[in-house]
Amino acid sequence: MILEELSTYAKVRVAADKKVLSLKDLKIKVNHLPKGDFRFENALKRKSIAIICEVKKASPSKGIISEDFPFVRIAKEFEHSGADCLSVLTEPKWFLGSDEILKEIRSAVTLPILRKDFTIDDYQIYQAKLLGADAILLICSLLDTPVLKHYLAICNQLGLSALVEAHNKDEIISAIAAGARMIGVNNRNLKDFTVDLSNSVNLRNTIPKDILFVAESGILTVNDAINLIKIGADALLIGEAMMKSEDKKAFIDEIKREGSIYEN
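Let me begin by describing the structure that accompanies this report. (Residues numbered from 1 in each chain as written. Predicted model: local features only at pLDDT ≥ 70, side-chain atom pairs only at ≥ 80, totals over all residues. Heavy atoms only, no water.)

### Here's the deal with the pairing of strand 5 (residues 113–116)
Of the two faces of strand 5, both are covered, the one formed by Ile113 and Arg115 as well as the one formed by Leu114 and Lys116. With two bridges connecting them, strand 5 and strand 6 (residues 135–139) associate as parallel partners. Across the sheet, residue Arg115 finds its bridge partner in strand 6, namely Ile136. The handedness of the strand 5 to strand 6 crossover, carried by helix 6 (residues 122–131), is right-handed. (Buried < 20%, exposed > 50% of the residue type's maximum accessible area, 1.4 Å probe, protein only. Helix = DSSP H or I, 4+ residues; strand = E, 2+ residues; numbered from the N terminus. Pairing = 2+ DSSP bridges. Right-handed = clockwise from strand over helix to strand, strands pointing away.)

Put into structure tokens, the structure is as follows:
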């Protein structure tokens, strides 16, 4: 099961990182930084649909997405094309990401950035803050409600946003109970990697209107995006299709233009 492997490997990575910089010393570094202002979630709080463009070289389901992967150029292109936020993969084994990629992108763009990784330890939250991320990903399949609540409390102390990712009704209930302000419905099943856009449609009404609803995965066309906007998505996280688009600005412009007709 790939999600369990990702989680197990994340624990190995955190243990190695702690040998280089202890949690105590990491916290000292973070305490010298200004508190964040939740700019990621604030960027999604607008009338028009928000687009989160994902910067990633590879994925377990699709393999290599970008052979040469000029990630800074890609991030700048997303910014200039009208993206509202970025999602940057830092998982190194299956997604071929790295912390250094995030740091370089952070220095090159002004957009809010989500650190897309598999959070299984307090350490990674402080680490994300030090790297310059504005938000982290918390996956309900990996974290029970008390742990989610604990991680969200750390995020709130640091001024970081948290995208809490769910795939079914029970996980959404857990996210709400933990205090999530942003819930991402993943249309990709992380256990077998099948994709079904109707997952967002079926789960939409389980998410209160005062919680930001982000539709994730499987958005390949403008029509896919429009169908999710129709059901009330506040934001769309688009990865592979945006990475492979030859005219990213036209893609984003069309989604926002066509989507504005159907916004609630």
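### Looking at the pairing of strand 4 (residues 85–89)
Burial analysis of strand 4 places five of its five residues in the buried class, which makes it a mostly covered element. Burial along strand 4 is two-sided: Cys85, Ser87 and Leu89 and Leu86 and Val88, pointing in opposite directions, are all buried. The pairing of strand 1 (residues 50–55) with strand 4 spans four bridges and is parallel. Residue Glu54 lies in a different strand from strand 4, and its bridge partner there is Ser87. Taken together, the four bridges between strand 4 and strand 5 define a ladder with parallel strand orientation. From the neighbouring strand, Ser87 faces strand 5, where its bridge partner is Leu114.

### Focus on the environment of Ile136
Its place among the elements puts Ile136 in strand 6. Between the alpha carbons of Ile136 and Ile207 there is a distance of 20 Å; along the sequence they are 71 residues apart. Those residues within four positions of Ile136 in sequence are excluded, and the remaining contacts are Leu114, Arg115, Ile125, Ala128, Cys155, Leu160, Ser161, Ala162 and Leu163. (Contact = heavy atoms within 4.5 Å.)

### Focus: the packing of aromatic side chains
Tallied over the full model, the rule gives three aromatic pairs. Pairing Phe69 with Phe71 gives two aromatic rings, centres 5.6 Å apart and planes at 45°, and the pair type is tilted. Phe69 sits in the buried class, given a relative accessible area of 8%. Sitting over the face of the ring of Tyr9, Lys93 holds its NZ or CZ atom 5.0 Å from the ring centroid. (Phe/Tyr/Trp six-rings, centres within 6.5 Å; stacked < 30°, edge-to-face > 60°. Lys NZ or Arg CZ within 6 Å of the ring centre and 35° of its normal.)

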